[in-house]
Number of protein chains: 2
Amino acid sequence: MPDLRLGVLGGGQLALMLAQAASSLGVSVRTFDESSEAPAARITDHRVGRFDDHEAVARFAEGCDAVTCEFENVPASTLEAAARHAPVRPNPTAFAIAQDRALERGLFASLGIPTPTWVAVASPEDLDRAIEAVGFPMILKTRRMGYDGKGQCVVRSPEETRTQGAALLDSAPGGLIADRMATLHSEVSVIAARSADGQVAKYPLCQNVHRHGILWRTHAPAPIGEDAPEIVENARAAALRVLHAIDYVGVMAIEFFVEGENGAPLCLLANEMAPRVHNTGHWTIEGASTSQFENHVRAVLGLPLGSTAMTTPEAIASMYNIVGRVPDRGSLLEVPGARVHLYGKPPRRARKLGHVTLVGTDARELSRREKIVEELCAWEV
Amino acid sequence: MPDLRLGVLGGGQLALMLAQAASSLGVSVRTFDESSEAPAARITDHRVGRFDDHEAVARFAEGCDAVTCEFENVPASTLEAAARHAPVRPNPTAFAIAQDRALERGLFASLGIPTPTWVAVASPEDLDRAIEAVGFPMILKTRRMGYDGKGQCVVRSPEETRTQGAALLDSAPGGLIADRMATLHSEVSVIAARSADGQVAKYPLCQNVHRHGILWRTHAPAPIGEDAPEIVENARAAALRVLHAIDYVGVMAIEFFVEGENGAPLCLLANEMAPRVHNTGHWTIEGASTSQFENHVRAVLGLPLGSTAMTTPEAIASMYNIVGRVPDRGSLLEVPGARVHLYGKPPRRARKLGHVTLVGTDARELSRREKIVEELCAWEV
């Protein structure tokens, strides 16, 4: 059995965790990043280079059985340069769509997947159109390059729209989208995988809470499933439609808003997709039979997918991000059952430095442990 | 928080799995091995050198926060060379004892831990003594350097003892021990950890089946615990006595025979100890809250131990070794819930190439999956 080699464009924590999963399968990993200090560098054959250095990218891809990405904003020309030497999965179409919020929304619409009311904004005139068609409160987002709450602004009046919108438009050559902000009941995400031969597998729904635009906590299976199982089914079915529609190979995440009033969930609105493993899926390392990282490695290398069931049938999981500062390591390691992940990144405000997962079957005991973790890992931006 | 660096003498699969666990904690790992192709080399700062090259060992140890070993037969002089530059854990005493079966037996005896009836054999005259004092069937084992069934022979008569014993004695400068072979009910092992400040944690008892002297399967928690809970308690208590007696820091394994007749367990006999993580503990990666690998990393680096409870309270685990040949990877990956580990070693008869772990709560379902794995992974030597 020949050894397999996976190439990963990007060397951040997602590449690190892909490499950890690959290592267990005896798969070697080569990473490519502009920084020699990238988190994944310690445990991979790490190559340093610029993404627009197509010769370096070609040398990186040569000898890999497949190449994948740990972030969506990989330039199309970089993917092409890699694809001349190794299969790139998922395919460039997935990246093109995921890199542009308007294209994402177009895809969802074409598959009958509801989204927030929105319009594209390419000019100040379009801002007026948004005021008419979308209404308030409104959130303006750059079509390209935004993440973790960056490249967005919330506006509550025509005046704010015209002034803040014009400023954001100036900063964003690709234009903006304007979303009607839903009355949020909750936020959920689906992590799903599709193999090279079309086999699909979906994880239990994740329920997510963000703070300052950054993921704070994920619960899985999503508690909303107890009151509104149809929300779970609709979200997971939507993800499968997307996977098939773009012939996707690998793990993908789709984030949804659940719009609701007076505490009752009303409907599911697809917000965005990520053509990669996702922060809301980190809990799968200890909480599921096969982690999202392992399933992504399996899928892109043409291997069969693994079970996405919870580790044991009654298991529930919580994950908390460690952001901006790392708590006292001793205290963190002493939280009973805490599964601690530290990415080896220098601390910086609003930077994701690690995460902690709790897995158990007793909701009350889990909740007790959550309080300890929440206090230890408290962060502001 | 400064980054921690762990040095591991040896680069085999135990070092590989230590490095995988360390990676999740943001700890970097440096390994030292005679081979550049050692399994751990892909994911560590791997140094190639001979263990008797004390300058190379010193350079390896310099800059490590602690140094540990992934195999017990590290020469004392190598440990000393490393210890001049970094704390070596566990301490050299643990290695000295674990490297010599007679010293192991002496330690067990000093702590009131029952062992098989045995005598030391340094000369052909001692073989006569063994025939008198130990009886048949008898197993002769080299005091030093044996593993996976090597350096042993079973004898059933005085004549076999004198002839095969003499041959084995010739091959073993350190001498032999002669054990009365127990009527085996089962074999169990305790994996236990002790931190630098004396905190201890023990895993659920493991029940093990060997084939041709090589571990075939481990079940945890040990099924014997349902009929004979005192066996479980005695084994775990014995392990704690050993940990404290030699001021051990890290994870240790002690293997026991359970002597029994007519299907009823009679008593626990301590066979040997390993001053390292152990094959019978691989199931802890998915089956326990904190793996043996992570607890060893935590302990030797002076960090608090993590919970050794099963991942969820009702979970049960099985692990099968992959020996000599790797089954069709696709088929292996398709076994529902199979947690596959491949070490990246070239196949060779009787060589450990990987393992598969199953975790679940339904004994019957687990058994069904076990049959598939057993068939896929069948091996002969």
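About the criteria used
Residues numbered from 1 in each chain as written. Chains lettered and ligands numbered in written order. Predicted model: local features only at pLDDT ≥ 70, side-chain atom pairs only at ≥ 80, totals over all residues. Heavy atoms only, no water. Helix = DSSP H or I, 4+ residues; strand = E, 2+ residues; numbered from the N terminus. Rg over C-alpha atoms; globule rule 2.2 N^0.38 Å. Buried < 20%, exposed > 50% of the residue type's maximum accessible area, 1.4 Å probe, protein only. Contact = heavy atoms within 4.5 Å. Areas by Shrake-Rupley, 256 points an atom, 1.4 Å probe, with all protein chains shown as cover. Pairing = 2+ DSSP bridges. Axes fitted to C-alpha atoms, helices over the stretch in contact; angles between N-to-C directions. Least-squares fit on C-alpha atoms with pLDDT ≥ 70 in both. 1 Å grid on protein atoms, 1.4 Å probe; cavity = no way out; pocket = protein on both sides within 12 Å on 5 of 7 lines; lining within 4 Å. Points joined across faces, edges and corners; volume = space filled by probe spheres on them. Nonpolar A, V, L, I, M, F, W, Y, C, P; charged D, E, K, R; others polar. Buried area = accessible area lost by both parts, 1.4 Å probe. Salt bridge = Lys/Arg side-chain N within 4 Å of Asp/Glu carboxyl O. Polar contact = N/O pair within 3.5 Å; in protein donor to acceptor, adjacent residues only side chain to side chain. Phe/Tyr/Trp six-rings, centres within 6.5 Å; stacked < 30°, edge-to-face > 60°. Lys NZ or Arg CZ within 6 Å of the ring centre and 35° of its normal. pLDDT = per-residue confidence, 0-100. Arc of directions from axis to C-beta. Expected span 1.5 Å × (residues − 1). Core = buried A, V, L, I, M, F, W, Y, C linked by side-chain atoms within 4.5 Å. Domains from an automatic or database assignment. Disulfide = S-S within 2.5 Å.

Another aspect to go through is the overall build of chain A. Looking only at helices and strands, chain A has 13 helices and 17 strands in total. Taken over the C-alpha trace, chain A has a radius of gyration of 20 Å; the compact-globule value for 381 residues is 21 Å, and the two agree within 12%. Out of the 381 residues belonging to chain A, those deemed buried represent 60%. Contacts in chain A between residues at least 24 apart in sequence constitute 63% of all its contacts with a sequence separation of at least 6. Roughly 14500 Å² of accessible area belongs to chain A as shown, and the carbon and sulfur atoms make up 49% of that amount.

Our next topic: the sheet that holds strand E3 (residues 45-48) of chain B. Residues and elements named next belong to chain B. If you walk across this open sheet you meet the 4 strands as E3-E2-E1-E4, and the pairing is parallel. Looking along the sheet, the strands with just one partner apiece sit at the ends: E3 and strand E4 (66-69). For this sheet, the mean inter-axis angle between neighbouring strands, taken without regard to orientation, is 20 degrees. The sheet contact formed by strand E2 (residues 28-33) and E3 spans 4 bridges and is parallel. The partner of Thr 31 across the bridge, within E3, is His 46. In the packing of helix H2 (residues 54-61) onto the sheet, the strands contacted are strand E1 (5-9), E2, E3 and E4, and the crossing angle to E2 comes to about 175 degrees.

Here the focus is the relation of the copies chain B and chain A. Take chain B, turn it by 180 degrees, move it 0.0 Å along the axis, and it overlays chain A with an RMSD of 0.0 Å. The superposition operator between the copies reduces to a two-fold rotation axis. Among all C-alpha atoms of chain B, that of Ile 43 of chain B lies closest to the rotation axis, at 1.9 Å.

Another aspect to go through is empty space enclosed by the protein. The rolling of a water-molecule-sized probe over the atoms marks out the regions of remaining empty space. For the structure on display, the rule yields 2 cavities of 30 Å³ or more. As a volume, the largest cavity reaches approximately 610 Å³. As for the largest cavity, its lining consists of 28 residues, and the residues nearest its centre are Ser 24 and Ile 285 of chain A together with Ser 24, Ile 285 and Glu 286 of chain B. Broken down by secondary-structure element, the contributors of at least two residues to the lining of the largest cavity are helix H1 (13-24), helix H10 (284-287), helix H11 (292-300) and strand E16 (339-342) of chain A together with helix H1 (13-24), helix H10 (284-287), helix H11 (292-300) and strand E16 (339-342) of chain B. Of the pockets and cavities examined, the second largest cavity occupies roughly 90 Å³. In terms of lining residues, the second largest cavity is bounded by 14 residues, among which Arg 42 and Ile 43 of chain A together with Ser 23, Val 27 and Ser 28 of chain B are the most central. Elements with a minimum of two residues in the lining of the second largest cavity: H1 and E2 of chain B. Class assignment for the residues of the lining of the second largest cavity results in 9 nonpolar, 4 polar and 1 charged.

Turning our attention to the interface of chain B and chain A. Each partner contributes residues to the interface: chain B has 41 residues there, and chain A has 41 residues. Summing both partners gives a buried area of about 3600 Å² for chain B against chain A, and 50% of it is carried by carbon and sulfur. Along the contact surface separating chain B from chain A lie 2 salt bridges. One salt bridge connects Asp 3 of chain A with Arg 42 of chain B, and the closest N-O pair in it is separated by 2.5 Å. Put simply, chain B and chain A have 15 residue pairs in polar contact (both at pLDDT 80 or more) between them. For the side of chain B that touches chain A, the class distribution of residues is 20 nonpolar, 15 polar and 6 charged.

To continue, consider the packing of aromatic side chains. For the structure on display, the rule yields 10 aromatic pairs over all chains. A ring pair is formed by Tyr 203 of chain B and Trp 283 of chain B, whose centres lie 6.4 Å apart and whose planes are at 85 degrees; its orientation type is edge-to-face. Placement of the pair is Tyr 203 of chain B in the loop between strand E10 (200-202) and strand E11 (206-211) and Trp 283 of chain B in the loop between strand E14 (264-274) and H10, with a sequence separation of 80 residues. Aromatic rings pair up to connect Phe 32, Phe 51, Phe 60 and Phe 71 of chain A into one cluster. The ring of Trp 216 of chain A carries the charged tip of Arg 211 of chain A above its face, separated from the ring centre by 3.7 Å.

This brings us to the sheet that holds strand E8 (residues 176-180) of chain A. Residue and element names in this part refer to chain A. The strand order across the open sheet formed by 4 strands is E5-E8-E6-E7, and the pairing between neighbours is antiparallel. What marks the edges here is a single partner per strand, and that holds for strand E5 (118-121) and strand E7 (152-155). Each strand of the sheet is rotated relative to its neighbour by a mean of 20 degrees, with strand direction disregarded. In this structure, strand E6 (residues 138-142) lies alongside E8, joined through 5 bridges in antiparallel fashion. Each residue of the ladder has a partner; that of Ile 139, found in E8, is Asp 179.

This paragraph deals with the confidence of the model for chain A. Looking at chain A as a whole, its pLDDT mean stands at 95, while 99% of the residues score no less than 70. Across the interfaces of the predicted complex, the ipTM metric reaches 0.93, alongside a pTM of 0.95.

Strand residues, when the strand is regular, have side chains that alternate between the two faces of the sheet. Residue and element names in this part refer to chain A. Burial of strand E15 (residues 316-323) is extensive: 7 of the 8 residues sit out of reach of the surface. Strand direction decides the pairing type here: strand E12 (residues 214-220) and E15, joined by 4 bridges, are antiparallel. Note that in E15 the partner of His 219 across the bridge is Ser 318.

Attention now moves to helix H6 (residues 124-133) of chain B. Residues and elements named next belong to chain B. The set of residues buried in H6 consists of Asp 126, Leu 127, Ala 130 and Ile 131. For H6, the angular spread of buried residues about the axis comes to 155 degrees, placing them on one side. Away from the buried face of H6 by more than 90 degrees, exposed residues Glu 125 and Glu 132 are located. Gly 135 occupies a position one or two residues after H6 and carries a positive phi of about 85 degrees.

Another point: H1 of chain A. Residues and elements named next belong to chain A. Its 12 residues place the ends of H1 17 Å apart at the C-alpha level, agreeing with the 16 Å of an ideal helix rising 1.5 Å per residue. All of the buried residues in H1 are Gln 13, Leu 14, Ala 15, Leu 16, Met 17, Leu 18, Ala 19, Gln 20, Ala 21, Ala 22, Ser 23 and Ser 24. Looking one or two residues beyond H1, the residue adopting positive phi is Gly 26, at roughly 75 degrees.

What follows is about the nonpolar core. Residues Leu 6, Trp 283 and Leu 301 of chain A together with Leu 6, Trp 283 and Leu 301 of chain B are the most contacted members of the largest nonpolar core, which totals 127 residues. In this structure Trp 283 of chain B touches Tyr 203, Pro 204, Cys 206, Thr 218, Ala 220, Ala 288, Met 310, Ala 317, Met 319 and Thr 357 of chain B, once residues within four positions along its chain are discounted.

Turning our attention to the pairing of E11 of chain B. Residues and elements named next belong to chain B. Two strands pair when backbone bridges link them, and strand E9 (residues 184-194) and E11 are joined in this way by 3 bridges, in the antiparallel orientation. Following the sheet pairing, Ser 189 is matched in E11 by Cys 206. Both E11 and strand E12 (residues 214-220) contribute to a ladder of 5 bridges, which runs antiparallel. In the sheet register, Asn 208 faces E12, and the bridge partner there is Thr 218. With antiparallel pairing between neighbouring strands as the criterion, E11 and E12 make up a hairpin whose turn holds 2 residues, including His 212 at a positive phi of roughly 55 degrees.

All names here are of chain A. The domain boundaries assigned to chain A delineate domain 1 (4-88), domain 2 (117-180) and domain 3 (184-376). One C-alpha centre belongs to domain 2, the other to domain 3, and the line joining them spans 29 Å. Opposite the 4 residues of domain 2 that make contact, domain 3 presents 5 residues. Summed over the shared surface of domain 2 and domain 3, the result is 1 residue pair in polar contact (both at pLDDT 80 or more). Its residues assigned to classes, the side of domain 2 that touches domain 3 comprises no nonpolar, 1 polar and 3 charged.

Formally, a disulfide is one covalent bond, and it connects the sulfur atom of one cysteine to the sulfur atom of another. Counting across every chain of the model gives 0 disulfides over all chains. Cysteine Cys 64 of chain B shares no disulfide, and the gap to the nearest cysteine sulfur, in Cys 69 of chain B, comes to 12 Å.

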